[in-house]
Amino acid sequence: MSFGDAFFGISWLDIIIRTLIVVIAMTVVVIYLTYGERKVVARFQMRLGPTRTGPAGLLQGVADALKLVVKEDLRPRNADRWVFEFAPYATFVPVFLVLLTLPFAENWGVRNLALGMFFVFAVLGLNIVGVLMAGFGSGNKYALLGGVRAAAQMISYEIPLVVALLTVAMLAGTLDLNLIASLQGDRPFILVQPLAFVIFFIALLSELHRAPFDIPVAESEIVGGYFVEYSGIRWSMFQLAEYAALWGFSIFGSVIFLGGWNFPFGSEVGVGLQLALTLIKSTLMILLIFWVRATMPRLRMDQLMSFCWKVLIEISFVLLLITGFFLYYNWPQEILALVNWGGALLLLTVIFIRTRRKSEAEDLVGTYKNIEVTE
Amino acid sequence: MIPLENYLVLSGILFSLGVYGVLSRRNAVLVLMSVELMLNAVSINFIAFSAYLDVTQITGVIFAIFVVAVAAAEIGLALAIVLRIFRNRSSINIDEAAELKW
Amino acid sequence: MITEILWWFFAIAIVGTAAGVVFSRSVVHAAIFLILSLAGVGGLYIFLTVEFVALVQFLIYGGAVTVLILLALMMTRLDATGAPDKLTGPQAPFGALVGITLLLTLVGVSLATAWPGDVDDLPTNITIEQIGDVMFTSYGAPFIIASALLLVAFIGAIVFAKQEDEV
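First, a word on scope: everything that follows refers to the structure included in this document. Everything numeric in this text was worked out from a predicted model, so none of it was measured.

## A look at the overall build of chain B
Assigned secondary structure in chain B consists of three helices and zero strands. Across chain B, helices and strands are ordered from the amino to the carboxyl terminus as α-α-α. Principal-axis analysis of the C-alpha atoms places the extent of chain B at approximately 55 × 25 × 20 Å. Classification of the 102 residues of chain B by burial places 60% in the buried group. Residue pairs in contact within chain B that sit at least 24 positions apart in sequence constitute 60% of those at least 6 positions apart. Summed over its atoms, the accessible surface of chain B is roughly 3800 Å², and 66% of this surface lies on carbon and sulfur atoms. Averaging the locations of the 6 positively and 7 negatively charged side chains of chain B gives two centres separated by 17 Å.

Structural data, given as structure tokens:
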């Protein structure tokens, strides 16, 4: 059903049915994303991943969910009761609100907002409050520290995320997600603004607390970060929020940069093919995120923050200026695309060089020479 | 549907709650939170007037956007000052921070 | 009908959580009540058909100001072993007096004035194109001054909060 007509013609029933469809889809996708991540990361590490539960391990996600549901619900005595109990919901609700505004096919979705992209930015900010509440409400110094670091990371990386998406909004001339997807009929925005995609991708990894920026949630860091005191269903709400955010933002990224339901075939084909296209593109982005997780080592907190404030913010503002100039003077878009590709390659080269700086120390491992730390 | 006076009364209540908070709370951060309440009450007022009485030249809406920007700047700077005071005195009780130098 | 019920729900939520900010006995609860109150005000802006300002409210107050307040509260707490400070000072009754006087004055003036125009009607739709048009043509100078102000506040906050130990 498109946005225009309602199920059964009753508007409140229509909203409930659409929301239920999104809830069911989200639950199924999240369960299979946990399984899929373990399989993909395992294959990168030359092992098999879960294979025993069900055929080829397909019921692993269901088994995990069942285990979490029957666990005991602990609450530490020092915990601030209301803050502790509301924090998982405060983290989950913004993610769900993002899922409600995404277009899954042309005019298909729960509701299409004229300010769709800006709505996504606004509720991203509300996620941060949930993380701080979780860190504070646990009554545990390490959870508080993990929560404060996670909040600082999310706040810092929100700036390049917003500015990179604003350049695309300037090109498209609109903030409406459905309209942005329908403008990419002949050329997806990743071909015109690849630097914006690279910045968006890196900032997205940090907003979702994925590797290589997952210091707050890594198990070998401060005792598991800001959700160390949560167990059972409450912990599963945090995981649900994380994987639902992963899925939702992959669809968001594919709508904005890869053309969503529109790119190769346009809008004359039926809804089924458009849904399949959205699925394929968002799966591509999810696989890219898993690939980066399996490949790159974790950044330290100060490296993370200095990368944001010293590299990403400057590049994103320069990109905003350049896009502004191109749009104001009406220069052709091909030159903008060239500048962007050059910028994207430059950024990736800089990142590549900086991650290989310690190789001379590695060559000396196993010999008896002194290894000088040249940092 | 909803008369204009509803919005004005609501913003009046919010403003007086903010004034009570500024005058009677002792923690500096709580005083700043009450100032935020007052600024929001004023913004509701501006936007309500602009939506009901002045739709062609929406001065009130522009004013409310600037109020949000200025409030964000002000609270950033004020919290930095509060952190400094805390570092010097280990307490942010504004009743005690009443002298310039001790 | 449903619009009015929703409006009253939002209004009561805003006043209730604002009272929670001002009367609560724990600072972190007061901060959570503040974000709920500001989110309620944002919801109210949607009734006034300015969705853009509502989203700006969520983004800035919810995403930035509340996080700043919570971080400042967490960094300025004394140890959990000390007895919590009383948060309301001894001049609270005078504050209440001033507050009640102000409330009666404001409410009295709002209800007694005869507002011009069709004040019982639904407000007409204000679009983001209109806001952008007015802001960048008539109010361009305040816009640039506001951005300079934000830059100054940004640099000032960094200078103030920097730690000066030269270890």
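Having seen the structure, we can now continue with the description.
## Comments concerning helix α12 (residues 333-354) of chain A
All names here are of chain A. Compared with the 32 Å implied by 1.5 Å per residue over 22 residues, the 31 Å span of α12 between its first and last C-alpha is a close match. Among all positions in α12, only L336, A337, N340, G343, A344 and L347 are buried. For α12, the arc enclosing every buried residue in end-on projection is 130°, short of the 170-degree limit, so these residues lie on one face. Projecting away from the buried face of α12 at angles above 90 degrees are the exposed residues L338, L345, L346, F352 and I353. Of the surrounding secondary structure, the elements contacted by the buried residues of α12 are α5 (141-172), α7 (189-192), α8 (194-207) and α11 (301-329).

## Re the interface of chain B and chain C
One widely used convention gives an interface's size as the accessible area the parts lose upon coming together. At the interface, 65 residues of chain B touch 85 residues of chain C. Three residues, B:M1, B:Y20 and B:R25, lead the burial of chain B against chain C; their summed loss comes to 10% of the area buried on that side. Joining chain B to chain C, the criterion identifies zero salt bridges. Linking chain B to chain C there are eleven residue pairs in polar contact (both at pLDDT 80 or more). Listed by contribution, the elements that provide at least two residues to the side of chain B that touches chain C are α1 (4-24), α2 (28-53) and α3 (59-89) of chain B. Here the side of chain B that touches chain C gets 21 residues from one element, more than from any other, and that element is α3(B). Residues that form the side of chain B that touches chain C fall into these classes: 46 nonpolar, twelve polar and seven charged.

## A look at the packing of helix α2 (residues 27-47) of chain C against helix α3 (residues 51-75) of chain C
What describes two packed helices is the angle between their axes and the distance between those same axes. Residues and elements named next belong to chain C. Across the interface, α2 lies against α3 with an axial gap of 9 Å and an inter-helix angle of 175°. Viewed along their axes, α2 and α3 adopt a mutual orientation that is roughly antiparallel. Taken together, the residues of α3 that come into contact with α2 (itself represented by V27, V28, A31, L34, I35, L38, A39, V41, G42, G43, Y45 and I46) are V53, A54, Q57, F58, Y61, G62, T66, I69, L70 and L73. Across the contact of α2 with α3, the residue classes break down as 17 nonpolar, five polar and no charged.

## Here's the deal with the environment of A:L348
If you trace the backbone, A:L348 turns up in helix α12. Taking the C-alpha atoms as reference, A:L348 lies 8.4 Å from A:V198; in sequence the two are 150 residues apart.

## Concerning the pattern of salt bridges
All names here are of chain A. This structure, assessed with the given rule, holds seven salt bridges over all chains. In this structure, D14 engages R18 in a salt bridge whose closest nitrogen and oxygen atoms are separated by 2.9 Å. Taken together, the residues D14 and R18, both in helix α1 (residues 11-44) and four residues apart, mark about one turn of the helix. Across the salt bridge formed by E334 and R187, the nearest N and O atoms sit 3.7 Å from each other. Of this pair, E334 sits in helix α12 while R187 sits in the loop between α6 (177-182) and α7, placing them 147 residues apart in sequence. In this structure R187 comes out as partly exposed when scored by relative accessible area, which is 32%. Salt bridges sharing common partners tie together E37, R210, E242 and R293.

## Remarks on the nonpolar core
By size, the foremost hydrophobic cluster in this structure holds 180 residues, and its most contacted members are A:F252, B:Y7 and C:I69. Split by domain, the residues of this core number at least three in each of domain 1 (1-78) and domain 2 (127-167) of chain C. With sequence-adjacent residues up to four places away left out, A:F252 is seen in contact with A:L102, A:M117, A:V120, A:L165, A:L177 and A:F200.

## Regarding the packing of aromatic side chains
All names here are of chain A. Tallied over the entire structure, the rule returns 26 aromatic pairs over all chains. Among the aromatic residues, those joined into a ring-pair cluster are F197, F200, F201, F249, F252 and F257. The lysine or arginine in question, R81, covers the ring of W82, its NZ or CZ lying 5.3 Å from the ring centre.

## Let's talk about the arrangement of the chains
Of all two pairs of chains sharing an interface, the pair with the highest contact count is chains B and C. There is a clear gap between chain A and chain B: no contact, and 14 Å between their nearest C-alpha atoms.

## A look at the interface of chain C and chain A
Chain C puts 20 residues into the contact, and the matching count from chain A is 20 residues. Together chain C and chain A conceal approximately 1800 Å² of surface at their shared face, both sides included; 88% is due to carbon and sulfur atoms. For chain C, the biggest contributors to the area lost against chain A are C:L55, C:L59 and C:M74; these three give 31% of the whole. In this assembly, chain C and chain A are joined by zero salt bridges. At the boundary of chain C with chain A, the tally comes to zero residue pairs in polar contact (both at pLDDT 80 or more). The set of elements that each furnish at least two residues to the side of chain C that touches chain A consists of α2 and α3 of chain C. It is α3(C) that provides the largest number of residues to the side of chain C that touches chain A, a total of 13 residues. Looking at the side of chain C that touches chain A residue by residue, the classes come out as 14 nonpolar, four polar and two charged.

How each quantity is defined
Residues numbered from 1 in each chain as written. Chains lettered and ligands numbered in written order. Predicted model: local features only at pLDDT ≥ 70, side-chain atom pairs only at ≥ 80, totals over all residues. Heavy atoms only, no water. Helix = DSSP H or I, 4+ residues; strand = E, 2+ residues; numbered from the N terminus. Buried < 20%, exposed > 50% of the residue type's maximum accessible area, 1.4 Å probe, protein only. Contact = heavy atoms within 4.5 Å. Areas by Shrake-Rupley, 256 points an atom, 1.4 Å probe, with all protein chains shown as cover. Lys, Arg positive; Asp, Glu negative; His and termini not counted. Charge placed at Lys NZ, Arg CZ, Asp CG, Glu CD. Expected span 1.5 Å × (residues − 1). Arc of directions from axis to C-beta. Buried area = accessible area lost by both parts, 1.4 Å probe. Salt bridge = Lys/Arg side-chain N within 4 Å of Asp/Glu carboxyl O. Polar contact = N/O pair within 3.5 Å; in protein donor to acceptor, adjacent residues only side chain to side chain. Nonpolar A, V, L, I, M, F, W, Y, C, P; charged D, E, K, R; others polar. Axes fitted to C-alpha atoms, helices over the stretch in contact; angles between N-to-C directions. Parallel < 35°, antiparallel > 145°, perpendicular 65-115°, else oblique. Core = buried A, V, L, I, M, F, W, Y, C linked by side-chain atoms within 4.5 Å. Domains from an automatic or database assignment. Phe/Tyr/Trp six-rings, centres within 6.5 Å; stacked < 30°, edge-to-face > 60°. Lys NZ or Arg CZ within 6 Å of the ring centre and 35° of its normal.

Note that every value here comes from positions in space, so none of it alone points to a role or purpose.
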